[in-house]
Amino acid sequence: MPARESHRAKLERMHAEYALLCEAIPAPRCALHFSNPFELLVATVLSAQTTDRRVNSVTPALFGAYPDAAALAAADPETVEDIIRPLGFFRSKTQHLLGLATALDRDFAGVVPRTMDELTTLPGVGRKTANVVLGNAFGVPGFPVDTHVMRVTGRLRWRSDWRIAKSDPVKVEREICACFPPEEWTDLSHRLILHGRAVCHARKPDCAACPLNETCPSSLTR
DNA sequence: ATCCCGAGGG
DNA sequence: CCCTCTGGAT
């Protein structure tokens, strides 16, 4: 009988691996440094398929013109488009922003809500964005799962070669959360994302430089 | 060419 | 489950 790894053993192994990963990756700080929940929410929505540096380059003008939900809800779409154009997806993002601001103003009196269910009712806000806001603006434990996290965890847990594991992000979220105390979730997610960008690339992962090379079932250098 | 710390819609 | 949205950096 091929001794299948027990559930508990699996969790312990995962914990050890991620701990090693955390050791190897410098402590992350949220690059979208907005203390204001509204600004963090907007900046996080804007950050899809762009870099933080570019988001940071447009937010001064954006928040200068529209400091809160009510102002943004009343904004002229074309003006908003002009401001965020360099980010790409500017049409859908503008739609999201105006819809988001409208809903925020109408349903939550302009105050960013603090629960997953409420946040995800907002246009343009999915589970990943909601978890980023919860963790970084409110200190509410959450584990943001993006494509990097899917790829890195997929490669670590089973051989997934070059593809993103065809797995449910919510399942990944739950499994990771089961392995770590809540106060580590936000930080660990961020580290996995950074690791996915810096080392565990989609196309050409730098396995030789990976601290998990010894145990990763998808390693290309063993 | 390829990628960027996604979400909504078909 | 797939597709699309989009400009800029590398």
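Every value quoted in this text rests on a predicted model; they were computed, and no experiment measured them. (Residues numbered from 1 in each chain as written. Chains lettered and ligands numbered in written order. Predicted model: local features only at pLDDT ≥ 70, side-chain atom pairs only at ≥ 80, totals over all residues. Heavy atoms only, no water.)

Caption draft 1: Expanded view of unusual backbone geometry. Of note, the phi angle at Phe89 is positive, near 50°, even though the residue is not glycine. Looking at where Phe89 falls in the secondary structure, it is placed in the loop between helix H5 (77–84) and helix H6 (90–108). Even without glycine at this site, Ala109 takes up a positive phi of about 55°. Within the fold, Ala109 resides in the loop between H6 and helix H7 (116–119). Exposure remark for Ala109: the relative accessible area of 65% places this residue in the exposed category. (Helix = DSSP H or I, 4+ residues; strand = E, 2+ residues; numbered from the N terminus. Buried < 20%, exposed > 50% of the residue type's maximum accessible area, 1.4 Å probe, protein only.)

Caption draft 2: Local environment of the protein's contact with DNA strand C. Every one of the 11 residues lining DNA strand C counts as a neighbour, but Arg54, Gly88, Phe89, Arg91 and Ser92 are closest to it. Note that a phosphate oxygen of DNA strand C is positioned 3.1 Å from one of the backbone N or O atoms of Arg91. Contact between DNA strand C and Ser92: a phosphate oxygen at 3.3 Å from a main-chain N or O atom of the residue. Of all the secondary-structure elements, those providing two or more residues to the surface near DNA strand C are helix H3 (52–65) and H6. Looking at the surface near DNA strand C, its residues break down into 3 nonpolar, 3 polar and 5 charged. (Near = heavy atom within 4 Å. Polar contact = N/O pair within 3.5 Å; in protein donor to acceptor, adjacent residues only side chain to side chain. Nonpolar A, V, L, I, M, F, W, Y, C, P; charged D, E, K, R; others polar.)

Caption draft 3: Representation of the protein's contact with DNA strand B. In the vicinity of DNA strand B lie 19 residues, with Gln49, Gly124, Thr129, Arg197 and Arg203 positioned nearest. Sugar plus phosphate, as a fraction of atoms of DNA strand B within 4 Å of the protein: 70%. At a separation of 3.3 Å, a sugar or linking oxygen of DNA strand B approaches a polar backbone atom of Thr50. One of the side-chain N or O atoms of His190 is found 2.9 Å from a base nitrogen in DNA strand B. For the surface near DNA strand B, the leading source of residues is helix H11 (residues 185–198), giving 3 residues.

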